[in-house]
Amino acid sequence: MSSNKIKVLLIEDEPQIRRFLKIGLIHSGYAIEEAESGGEGIRLTRAIRPDLILLDLGLPDIDGQQVIQTLRAEKIYTPIMVLSVRNEPAEIIRALDNGADNYLVKPFIMEELQAHLRSLQRRAVQALHGEGEILEVQDLRIDLARHEVTLKGKVVDLSPKEFKILHELACHANRVLTHRHLLLKVWGPAQADEHQYLRVYMGQLRKKLMVNGKEPTYLRTLQGVGYIFDTSD
Ligand code: CA
C-alpha cells in the first residue's frame, strides 16, 4: 500500500474510458480505485474516502448528478470533477450547484485533465492553510484580511462590489463559480438572476486589473455558466 499517493476514485461505466484514464493517472503518480456504477461509486466513497472523485454522469444505475447530491447530503466534501459528454450550460450549472468542483466536457486530452487535477490539489492545500490571508497570481496580490488589492505593487481602487466578486472568486480559486452563486453572494437573493449586473462588473474589474493594456488571463469566463479564478499559469 502506497499511502502517500493521492487516491482517485473513478466512477465511469465505459471500460475503455476507465482504461484510458487509469493509464494516464497511474503514470502521473495517482492511486486509482474504480467503480462501474453510481451506486458502487457511492459505496466506495464511503468506504475508502478518496482524495478526489472523477465522475461520469451517464451511468447505468443512477445519474451522476444524483451521485453528487447523495455524497454532499452525507456531508462528504471530497472534490468531485465531472467528466461528461453533456455540454449544455444548464447541465454544467446543475452539477456545480449540486456541489461538483469542476466540469470537463468529453472528449478531452489527458494533459487537460492533469492540469485540472493539479489545480484541485492546490486548492486543497490553500484550504488547509486557512484559505491564505494573501493570494498572489501573476502581478496581482489580494490581501484578504485588509481588503486590499495591489497590481505590480500599486493599490487598485476597487468598489466594494468589485472587491467582493474578486474575493469570492479568489477564495474558490480554480473552481467554477456560477453566475447565480456570485450574484447571491455579492448582491443577495433579490438579484440572483440579474446576470447583466455581473457582466458589467466583471468588465470593470478586468479593466482595472489590466497590465500593459492586457486583460488578466486568470479571470476566465465559462460561456453561459460562470467564472473561474484560474491560478494554473
Ligand atoms: Ca457513461
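Our subject is the structure listed above.
Residues numbered from 1 in each chain as written. Predicted model: local features only at pLDDT ≥ 70, side-chain atom pairs only at ≥ 80, totals over all residues. Heavy atoms only, no water.

1. Observations concerning the environment of Gly24
Then, in step 1: For Gly24, the location among the structural elements is in helix H1 (residues 15-27).
Then, in step 2: On a C-alpha basis, the gap between Gly24 and Leu113 in space is 9.6 Å, while along the polypeptide they are 89 residues apart. (Helix = DSSP H or I, 4+ residues; strand = E, 2+ residues; numbered from the N terminus.)

2. Some thoughts on the sheet that holds strand E11 (residues 219-222)
Then, in step 1: With respect to topology, three strands assemble into an open sheet ordered E10-E12-E11, the strand pairing being antiparallel. On the outer flanks of this sheet lie strand E10 (177-178) and E11, each paired with one strand and no other.
Then, in step 2: Here E11 pairs with strand E12 (residues 226-229) via four bridges, running antiparallel. Bridged to Arg220 within E12 is Ile228.
Then, in step 3: Strands E11 and E12 of the sheet are contacted by helix H8 (residues 195-208), whose axis makes an angle of about 150° with E11. (Pairing = 2+ DSSP bridges. Contact = heavy atoms within 4.5 Å. Axes fitted to C-alpha atoms, helices over the stretch in contact; angles between N-to-C directions.)

3. Observations regarding the coordination of the calcium ion
In a perfect tetrahedron of four donors around a metal, the angles come out at 109.5 degrees. In a perfect octahedron of six, they are 90 or 180 degrees.
Then, in step 1: Every protein donor of the calcium ion is listed here as Asp13 (OD), Asp56 (OD) and Gly58 (O), and their distances to the metal cover 2.2 to 2.4 Å.
Then, in step 2: We note that the donor set of the calcium ion lies within a single chain, spaced as D-x42-D-x1-G. (Donors = N, O, S within 2.8 Å, 3.2 Å for Na, K, Ca; no water.)

4. Some words on the pairing of strand E7 (residues 140-143)
Then, in step 1: With four bridges connecting them, strand E6 (residues 134-137) and E7 associate as antiparallel partners. Looking at the pairing, Glu136 lines up with Arg141 of E7.
Then, in step 2: Here E6 folds back onto E7, and the loop between the two strands holds two residues, one of which, Gln138, carries a positive phi near 50°.
Then, in step 3: Relative to strand E8 (residues 148-151), E7 is paired through four bridges, and the arrangement is antiparallel.

5. Remarks on unusual backbone geometry
Then, in step 1: Omega for the bond connecting Lys106 with Pro107 falls within 30 degrees of zero, at -5°, which places this linkage in the cis form.
Then, in step 2: Position of Pro107 among the secondary structure elements: in the loop between strand E5 (102-105) and helix H5 (110-128).
Then, in step 3: Here Arg49, not a glycine, exhibits a phi torsion of approximately 45°, which is positive.
Then, in step 4: Locating Arg49 in the fold gives a position in the loop between helix H2 (38-48) and strand E3 (52-55).
Then, in step 5: Unusually for a residue other than glycine, His147 sits at a positive phi of about 60°.
Then, in step 6: For His147, the position within the fold is in the loop between E7 and E8.
Then, in step 7: Among the residues examined, His147 registers a relative accessible area of 55% and is labelled exposed. (Buried < 20%, exposed > 50% of the residue type's maximum accessible area, 1.4 Å probe, protein only.)

6. Some thoughts on the environment of Glu91
Then, in step 1: Along the chain, the position of Glu91 falls in helix H4 (residues 89-98).
Then, in step 2: Separated by 83 residues in the primary sequence, Glu91 and Val8 have C-alpha atoms spaced 23 Å apart.
Then, in step 3: Other than its neighbours up to four places away in sequence, Glu91 contacts Leu57, Gln65, Arg86 and Tyr103.
Then, in step 4: In this structure the side chain of Glu91 is engaged in a polar contact, spanning 2.8 Å, whose partner is the side chain of Arg86. (Polar contact = N/O pair within 3.5 Å; in protein donor to acceptor, adjacent residues only side chain to side chain.)

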